[in-house]
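Chain by chain, the residues run as shown.
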Amino acid sequence: MFRVGSKAACMACRNLVSTNMGVRFRVPLQKLHPLSRAIHHRYSGNTNPQRTPHRTAARYFTSMSRLPMRPPKPPPGSGGYGHQQQRNFWVARLAARLLKLRYILFGTAVGGGYTAKKTYEEWKDMLPDFSEYNWVIPDFVWELSEQIDLDKLAKALPEMEEIAKLLPDLDKIGENFTFLKSLLSSETSGDPPLKATDSSTAATQDGSDKQYKKSSDKEKIDQLQEELLRTQLKYQRMLERLEKENKELRKVVLQKDDKGIHQRKVKKSLIDLYSEVLDILSDYDANYNTQDHLPRVVVVGDQSAGKTSVLEMIAQARIFPRGSGEMMTRSPVKVTLSEGPHHVALFKDSGREFDLTKEEDLAALRHEIELRMRKSVKEGQTVSCETISLSVKGPGIQRMVLVDLPGVISTVTTGMASDTKETIFSISKAYMQNPNAIILCIQDGSVDAERSIVTDLVSQMDPHGKRTIFVLTKVDLAEKNLASPSRIQQIVEGKLFPMKALGYFAVVTGKGSSAESIESIKDYEEDFFQNSRLLRDGMLKAHQVTTKNLSLAVSDCFWKMVRESVEQQADVFKASRFNLETEWKNNYPRLRELDRNELFEKAKNEILDEVISLSQVTPQHWESILQKKLWERVSTHVIENIYLPAAQTMDSGTFNTTVDIKLKQWTDKQLPHKALEVAWETLQEEFARFMAEYKGKDQDDIFDKLKEAVKDESIKRHKWNERAMDSLRVIQHNALEDRSITDKPQWDAAIQFMEETLQSRLKDTESVIRDMVGPGWRQRWLNWMNRTPEQHIRNETKNELERLLKLHDEHTAYLANDEVTTVRKNLEGRGVEVDPVLIKDTWHQLYRRHFLQKALSHCNLCKRGFYYYQRHFVDSELECNDVVLFWRIQRMLVITANTLRQQLTNTEVRRLEKNVKEVLDDFGEDSEKKTHLITGRRVQLAEDLKKVREIQEKLEAFIEALHKEK
């Protein structure tokens, strides 16, 4: 028992109150009740009454403490009654004092409780207000927490006995640290000088004792290091266990409730907002010196140094294609890591989610990444600067944005482009020269450090190491292969390489097998460092090993860099936006700011309106155009190959037979093809005409290249229905078989058609003859023109052949050999040397003119021959078989034009409209095509304005969310 009022009793009261209030730490002196504090001051030697808060209480307890605890013995010879009264009085005084002690204890307990409550309130006020972060945890979490079985959760947590076992022996550690402190102090201060009176024997004995003491001290140091290592491993295992359980609980909280407990709009996470800004910046063609200086983690290293493996360990999934010694990373891959309920991956331009817990989805993701890399590489190149954007979400993943770059190579091998090495260097420098980029330099620990290329490159871009984190991979192989493990220590301490870094890490990314899982690699890494003498001998610090520590350090550095630089970047883009808006107002004050996509949609609507306008063309217009174009296409064949050969036979029977045979051959082989070509060309011309008319209404020529490309591509894709050719052949054959002209108007129309055709051919023939013989005498005199020697020869030949035709008006189409000889000799007699070929060629044109003139005169006679035709009178002068031929041709043209018009309006126009829509859809999905077809400063300025505004808005939203998270 403590003496009442003593210092020990006061301390016992303090401990008792602390225990009863449930507080596991001792209550500070200044937090005690004033009564208890007075007791402490009284018995702690504080005699100054001015510094005692309650002097009255102190005096009271001081006087009370002077009362004796035991009653005095009765004097000898006193009476029994007096002795009884004295005894009763002593009992009463003892009871009163005990009751006062109860009040003291009660007052101390009340004071201690009040002090504890006040301390709790002070601590509560010091905590930040988390009410504004209630949106982070949805309402259904609180409802879900009510459904969680707390008993099972309590059973899942470790027991206090297990935690106590894991806790180190603090007394023993204290003794060890005291021993180390004394040891270090003795080494620092040095041994005290020996007394002069010591003998040499004593000195020798003291030296041996010191040597023994040093050896024992070394053993104790080794034991202490091993004990600290074991304690740290115990803590690490316990933390991993708790993190695993926490990960499962967070997964339950973050999962969407499929049963529909509560639904709310999911807000984008902070890292997703930041990643969207980087995606826009990757496509932004910077002007006005506006560069992308937003932070991201750039992963660089030599080829096969383990960059991809480190990235996979951070992402906790084997997501990248792998190869043995060959280049696999052919383009930059931007990976946005964020926390989520499910371990999934998705591309920014695709809605498919890859479940990273399933091996088939992992294989599909690796295959998709490889396909995108190969697709981004242009022909003749090995690597590409086009960025592939990938997002990975999962429980426990650190939030950051990493960019995996192609590995740096020293030699270009067979199959690579000659500029591959320089291209990789330029891509790496472009990412690392960003002053806010965090460089994650990966070095292969299993190879000689002198063979490293990337360290020199990193030291050039970040000479002071203010934003570089160095990672040494394959430490297990390095420890096994290196004869001097201290070399690894020199690397991670930054003493071997000339480069500097913020931090140095050593990791192990598996045994080199592509079939290893992330969990097995983690276990292997943990086992290695647990048993490695690098950590045991103090060459590596515990915070420098494992990819988990690396991930935490990189994430912290990333977010620190983001918070320091993002507002400055927002101001830069704000200034850029002002410059762009000013340029637009000065150059295009009356035009809307339409970017390339908006302009494409506008042009698309115009083109579709033009295609729809084709359906509004009248049938008469279609048939007139088709008939005219078809006759222009086939007229030469009809005159040269059908009419002239048949008419020059000078016999009606032979004429009709020849015409029928040639028309049948022409219909079977050429006529349907010619008709379809004419119809397709007519459709194209009408389509182009409508587009030109629409362009006349809207003077904006920014769509010209696009419209022309759409027209050409649509025509190229359009295929005429082949079945229409067979039906058209039958229709044309039936039309040409009919010889019966039913009325006089048809007869007159045929004669008019024949006259127009023959007159046109006659003009063409006379023009050819004029070109052969040269200018006439009037042109020579008026225009001072002369004939060439060849024209002079042809003119003399023409005059000689015209005399021959006057003598023989019914001459055949061909000259006989003796006639050619006669003409040549007559010309030689006039001093003109002429070749027989020239004579025949001149004769052909002269006879053609002569025949056409006779055919026209015969056509005039046939105007009154319809009566004889109807009654089948045979009269040589009025036998008009050529008129019937032209009527058959004319009727075929009308029927063919009508058939093609029906096919155009019913089928081909709709198919063309469909092709145009498909072409426009394809062009709309091809950004390169739109960039090539819709060009100009106006377009580029609107594009920059749109992107800068979007970047600024997203940056402001990100900054706002960043401030809320703080």
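Just above sits the structure.
This report concerns the structure included in the present document. Model, not experiment: these values are computed from the prediction. (Residues numbered from 1 in each chain as written. Predicted model: local features only at pLDDT ≥ 70, side-chain atom pairs only at ≥ 80, totals over all residues. Heavy atoms only, no water.)

Looking now at the packing of helix α26 (residues 744-773) against helix α28 (residues 789-807). The N-to-C vectors of α26 and α28 enclose an angle of 125°; their axes lie 7 Å apart at closest approach. Judged by the inter-axis angle, α26 sits oblique to α28. Along its contact with α26, which presents I769, D771, M772 and V773, the element α28 presents Q791, R794, N795 and K798. Here the contact of α26 with α28 is composed, by residue class, of three nonpolar, two polar and three charged. (Axes fitted to C-alpha atoms, helices over the stretch in contact; angles between N-to-C directions. Helix = DSSP H or I, 4+ residues; strand = E, 2+ residues; numbered from the N terminus. Parallel < 35°, antiparallel > 145°, perpendicular 65-115°, else oblique. Contact = heavy atoms within 4.5 Å. Nonpolar A, V, L, I, M, F, W, Y, C, P; charged D, E, K, R; others polar.)

Turning to the environment of L346, a few remarks are in order. Within the secondary structure, L346 sits in strand β3 (residues 344-347). Residues L346 and L365, spaced 19 residues apart in sequence, show a C-alpha to C-alpha distance of 8.7 Å. Setting aside its immediate chain neighbours within four residues, L346 contacts R352, E353, L390 and S391.

The pairing of strands in a sheet comes from backbone hydrogen bonds and takes either a parallel or an antiparallel form. Ordered in space as β4-β3-β5-β2-β6-β1-β7-β8-β9, the nine strands form an open sheet in which the pairing is mixed. Strands at the two margins of the open sheet, each flanked by one partner only, are β4 (354-355) and β9 (503-506). As paired elements, strand β2 (residues 333-339) and strand β6 (residues 400-404) share five bridges and run antiparallel to each other. Counterpart to L337 in the pairing with β6 is M400. (Pairing = 2+ DSSP bridges.)

Turning to a nonpolar patch on the surface, a few remarks are in order. A cluster of nonpolar side chains, W777, W781 and L782, forms an exposed patch at the surface whose accessible area comes to about 480 Å². Take L782: it is sitting in helix α27 (residues 777-782). (Patch = residues over 30% accessible without salt bridge, like charges linked within 9 Å, V, L, I, M, F, W, Y side chains within 5 Å. Areas by Shrake-Rupley, 256 points an atom, 1.4 Å probe, with all protein chains shown as cover. Salt bridge = Lys/Arg side-chain N within 4 Å of Asp/Glu carboxyl O.)

On to a negative patch on the surface, then. Together, E386, E925, D926 and E928 give the surface a local cluster of negative charge. Inspection of the secondary structure puts D926 in the loop between α32 (881-925) and α33 (927-933). Taking the relative accessible area as the measure of exposure, D926 reaches 31% and is therefore partly exposed. (Lys, Arg positive; Asp, Glu negative; His and termini not counted. Charge placed at Lys NZ, Arg CZ, Asp CG, Glu CD. Buried < 20%, exposed > 50% of the residue type's maximum accessible area, 1.4 Å probe, protein only.)

We now examine empty space enclosed by the protein. Summed over all chains, the structure comprises three cavities of 30 Å³ or more. Within this model, the largest cavity holds a volume of roughly 60 Å³. Around the largest cavity sit 11 residues that line it, and G445, V447, A449, R487 and I491 are the ones nearest its centre. Of all the secondary structure elements, the ones that give two or more residues to the lining of the largest cavity are β7 (438-444) and α16 (486-492). Partitioning the lining of the largest cavity into residue classes produces six nonpolar, two polar and three charged. Its volume calculated, the second largest cavity comes out at about 50 Å³. In this structure, the second largest cavity is lined by P321, M327, M328, R330, E370, M373 and R374. (1 Å grid on protein atoms, 1.4 Å probe; cavity = no way out; pocket = protein on both sides within 12 Å on 5 of 7 lines; lining within 4 Å. Points joined across faces, edges and corners; volume = space filled by probe spheres on them.)

Under the defined criterion, the tally for this structure stands at 46 salt bridges. The salt bridge partner of E581 is R577, with a shortest N-O separation of 3.1 Å. Of the two residues, E581 and R577 both sit in helix α19 (residues 547-587), four residues apart, roughly one turn of that helix. K917 is the salt-bridge partner of E913, the closest N and O atoms lying 3.7 Å from each other. Of this pair, E913 and K917 both sit in helix α32, four residues apart, which is roughly one turn of the helix. Overall, the relative accessible area of 39% leaves K917 in the partly exposed class. The structure contains a network of salt bridges with shared partners spanning R577, E581, E593 and R949.

Below, the discussion takes up the packing of aromatic side chains. Applying the stated rule across the entire model yields 15 aromatic pairs. Pairing W559 with F958 gives two aromatic rings, centres 6.4 Å apart and planes at 25°, and the pair type is stacked. Of this pair, W559 sits in helix α19 while F958 sits in helix α34 (residues 937-965); the two residues are 399 residues apart in sequence, bridging distant segments of the chain. Taking relative accessible area as the criterion, W559 reaches 6% and is therefore assigned buried. Classification of F958 as buried rests on a relative accessible area of 0%. An aromatic cluster is present here, built from W631, Y643, F753, W843, Y847, F851 and F886 joined pairwise through their rings. Lying across the ring of F347, R372 places its NZ or CZ 4.0 Å from the centre. A cation over an aromatic ring shows up here: K930 above the ring of F600, its NZ or CZ 5.6 Å from the ring centre. (Phe/Tyr/Trp six-rings, centres within 6.5 Å; stacked < 30°, edge-to-face > 60°. Lys NZ or Arg CZ within 6 Å of the ring centre and 35° of its normal.)

Taken by themselves, the reported measurements are silent on function.
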